[in-house]
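Given next are the chains, with one letter for each unit.
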Amino acid sequence: MTWRVLVVDYNPEWPAMFEAEAAKIVDALGDNLVAIHHIGSTSVPGLKAKPIIDILSVVRDIAKVDERTPHMEALGYEGLGEFGLPGRRYFRKGGYAWTHHVHVSRDYGELKARLAQLHPEDATAYMDGKDAFVKAMERDALAWSRIN
């Protein structure tokens, strides 16, 4: 199956679109959710992008996400399980004209706890450690979106 790749000028409404969708996902994933982030090209002001909002949801227990899949499906998402990346859950919305991708991971929370132990009095080192992880996740998400 093929589909058309569409890259458009930055849309200043993308952050608000993320916020609206994030509020729904917070309810859908429940108290297992730790944090939710807008990632990918649409999160970078001024950058041309495919008009798909990429969302990273961090949870305490990745296995519990499977129990919440019906809640994500009720929002219009298709649950695709790990979808090639062990330890994550992947959801997409919009059929072949996808509008949103949600990547759910547990690793981020574990990283933050480890960084807090390593750098309890060095906020810069703590933030730098998180930054590398977020950039790696964003890079992986962008690479995945280029081939899918």
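Residues numbered from 1 in each chain as written. Predicted model: local features only at pLDDT ≥ 70, side-chain atom pairs only at ≥ 80, totals over all residues. Heavy atoms only, no water.

Asker: I'd like to hear about the packing of aromatic side chains, residue by residue, with values.
Answerer: Applying the stated criterion across every chain, the model contains two aromatic pairs. Ring centres of Tyr-10 and Trp-14 lie 5.4 Å apart, and the angle between their planes is 90°; on these two criteria the pair is classed as edge-to-face. Between Phe-83 and Tyr-90, the ring centres sit 5.2 Å apart and the planes meet at 15°, which makes this aromatic pair stacked. Assessed through its relative accessible area of 0%, Tyr-90 is described here as buried. (Phe/Tyr/Trp six-rings, centres within 6.5 Å; stacked < 30°, edge-to-face > 60°. Buried < 20%, exposed > 50% of the residue type's maximum accessible area, 1.4 Å probe, protein only.)

Asker: Give me the lowdown on helix 1 (residues 14–29), citing residues and values where you can.
Answerer: Here helix 1 contains 16 residues, and its C-alpha end-to-end distance of 22 Å stays within 8% of the 22 Å for a straight helix at 1.5 Å per residue. Restricting attention to buried positions, one finds in helix 1 the residues Trp-14, Phe-18, Glu-21, Ala-22, Ile-25, Ala-28 and Leu-29. Projection of helix 1 onto a plane perpendicular to its axis shows the buried side chains occupying an angular sector of 115°, all on one side. Those residues of helix 1 that are exposed and aimed more than 90 degrees away from the buried face are Ala-16, Glu-19 and Asp-27. Next to the buried residues of helix 1 lie strand 1 (33–39), strand 2 (53–59), helix 2 (62–74), strand 3 (77–79), strand 4 (88–93) and strand 5 (100–105). Positioned one or two residues after helix 1, Gly-30 has a phi angle of 70°, which is positive. (Helix = DSSP H or I, 4+ residues; strand = E, 2+ residues; numbered from the N terminus. Expected span 1.5 Å × (residues − 1). Arc of directions from axis to C-beta. Contact = heavy atoms within 4.5 Å.)

Asker: How would you explain the pattern of salt bridges if you had to name every residue and give the values?
Answerer: Pairs may arise between side chains of opposite charge once their charged atoms sit close together. Overall, the coordinates contain six salt bridges when judged by the stated rule. The salt bridge partner of Lys-48 is Asp-9, with a shortest N-O separation of 2.6 Å. Note that Lys-48 is positioned in the loop between strand 1 and strand 2 and Asp-9 in the segment before helix 1, a separation of 39 residues in sequence. By relative accessible area, which is 53% here, Lys-48 ends up exposed. A salt bridge links Glu-78 to Arg-92; the shortest N-O distance between them is 3.0 Å. Linking Glu-78 in strand 3 with Arg-92 in strand 4, this pair joins segments that are 14 residues apart in sequence. Take Glu-78: its relative accessible area is 36%, and that puts it in the partly exposed class. Judged by its relative accessible area of 13%, Arg-92 is buried. Several salt bridges converge on common partners, so that one network encompasses Glu-21, Lys-24 and Lys-93. (Salt bridge = Lys/Arg side-chain N within 4 Å of Asp/Glu carboxyl O.)

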